[in-house]
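# Structural description and commentary
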Protein chains: 2
Amino acid sequence: MQTQTRPPSTGRSLEHPERDEIRLESVLHALSDPVRLTIFRSLARAEDELSCSVFELPVSKSTTTHHFRVLRESGVIHQIYRGTAKMNALRRDDLEALFPGLLDALLTSAAHQADRLAND
Amino acid sequence: MQTQTRPPSTGRSLEHPERDEIRLESVLHALSDPVRLTIFRSLARAEDELSCSVFELPVSKSTTTHHFRVLRESGVIHQIYRGTAKMNALRRDDLEALFPGLLDALLTSAAHQADRLAND
DNA sequence: GTCGAAGTACGATGGATCTCGTACACCGGC
DNA sequence: GCCGGTGTACGAGATCCATCGTACTTCGAC
């Protein structure tokens, strides 16, 4: 259920794959890019919607838009317009139903690797 | 230790990444191709070395070589020449050490999806 | 030594992808 | 109504990638 303090979504529509249209290959491809893996981890940590603009990514605005679209079209994230912002959230329920345990394994794997590379 | 009935490896050498050179992004990219995901699942089921030639893939011989190379260079599989054959095996220990739980999550996810798509 | 099986190397080709800049659209606040 | 912030659309460039066919190498068997 949506909180009342949250601005409503606008009429602008965004295409999302249905749950049963999500493919493992597409999810893996989406997460195989370093920028998108970073976004993925941030969204998992946030546990709430995040606007595109809060991310500090080493790419331009238009490239950022591109990466969020790939994540959305692969079924990894849900996007919705709220006012001028575009909010992003992991599709946790859908992914857990389709690929049980995968999300956690990916997140811990990414965390392990980040630790490992930081302490080289 | 190597069994005595197994033909020895020949002098032909194959480049493999060290364990600490394996990157999650590269592994995910390697497994994001349908052909390579099929190979991955077959090797996991086999629990032993398999030669390239036992796979019935919907691509040509040279494309098959390409896919096995991607899997090897990403660190997913280990390859070794034995006689005229080239044997393939999952790098289970390395992957489990780097990405605990990921292998199983990927395999069960792929199996779930295969079941789901078969019973449509 | 010759042959066949297994796999490679190489180049080509068509398509996807990552990146960017510029110009534009949408929305809230003033 | 206008401005600024947020994000898009579009085109372009460079690179990567999956695929193939052909010619070649390597090795075991005979």
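Below, the structure is looked at part by part. (Residues numbered from 1 in each chain as written. Chains lettered and ligands numbered in written order. Predicted model: local features only at pLDDT ≥ 70, side-chain atom pairs only at ≥ 80, totals over all residues. Heavy atoms only, no water.)

## Focus on the sheet that holds strand S3 (residues 85-90) of chain B
All names here are of chain B. Across the sheet, three strands lie side by side as S1-S3-S2; this open sheet has antiparallel pairing. The strands lining the two open edges of the sheet, one partner per strand, are strand S1 (50-51) and strand S2 (77-82). Sheet topology places S2 next to S3; six bridges connect them, and they run antiparallel. In the sheet register, Gln 79 faces S3, and the bridge partner there is Asn 88. On top of the sheet, helix H3 (residues 61-74) reaches S2 and S3; it is set at about 120° to S2, its chief contact. (Pairing = 2+ DSSP bridges. Helix = DSSP H or I, 4+ residues; strand = E, 2+ residues; numbered from the N terminus. Contact = heavy atoms within 4.5 Å. Axes fitted to C-alpha atoms, helices over the stretch in contact; angles between N-to-C directions.)

## Brief notes about the protein's contact with DNA strand D
Of all residues adjacent to DNA strand D, which total 24 residues, the nearest are Thr65(A), Lys86(A), Arg36(B), Ser60(B) and His67(B). Among the atoms of DNA strand D close to the protein, meaning within 4 Å, 69% are from sugar or phosphate groups. Backbone polar atom of Ser60(B) to a phosphate oxygen of DNA strand D: 2.7 Å apart, as the coordinates give it. A distance of 3.0 Å separates a phosphate oxygen of DNA strand D from a polar atom in the side chain of Thr63(B). (Near = heavy atom within 4 Å. Polar contact = N/O pair within 3.5 Å; in protein donor to acceptor, adjacent residues only side chain to side chain.)

## Re the protein's contact with DNA strand C
Taken together, 24 residues are adjacent to DNA strand C, and Ser60(A), His67(A), Lys61(B), Thr65(B) and Lys86(B) come closest. In this structure, His67(A) approaches DNA strand C through a side-chain N or O atom, which is 2.4 Å from a phosphate oxygen. Between DNA strand C and Cys52(B) there is a distance of 3.3 Å, counted from a phosphate oxygen to a backbone nitrogen or oxygen. When residues of the surface near DNA strand C are traced back to their parent elements, those giving at least two are helix H3 (61-73) of chain A together with H3 and S3 of chain B. Tallied by class, the residues present in the surface near DNA strand C amount to four nonpolar, 14 polar and six charged. (Nonpolar A, V, L, I, M, F, W, Y, C, P; charged D, E, K, R; others polar.)

## Observations regarding the pairing of S2(B)
Of all six residues in S2(B), five are buried, a share of seventy percent or more. Here S2(B) hands over to S3(B) after two residues, with Gly83(B) in that stretch at a positive phi of 65°. (Buried < 20%, exposed > 50% of the residue type's maximum accessible area, 1.4 Å probe, protein only.)

## Structural notes on the relation of the copies chain B and chain A
The transformation that overlays chain B on chain A combines an axial shift of 0.0 Å with a rotation of 180°, and the residual RMSD is 0.0 Å. Taken together, these values place the two copies in the relation of a two-fold axis. Both copies share a contact surface, since 100% of the interface residues of chain B are interface residues in chain A too. (Least-squares fit on C-alpha atoms with pLDDT ≥ 70 in both.)

## Some details on the sheet that holds strand S1 (residues 50-51) of chain A
Residue and element names in this part refer to chain A. What the three strands build is an open sheet, ordered S1-S3-S2; its pairing is antiparallel. The outermost strands of the open sheet, each flanked by one partner alone, are S1 and strand S2 (77-82). When S1 meets strand S3 (residues 85-90), the two strands line up antiparallel, connected through two bridges. Opposite Ser 51, over in S3, you have Met 87 as the bridge partner. Contacts from helix H2 (residues 34-46) reach S1, S2 and S3, with the element oriented near 80° to S3.

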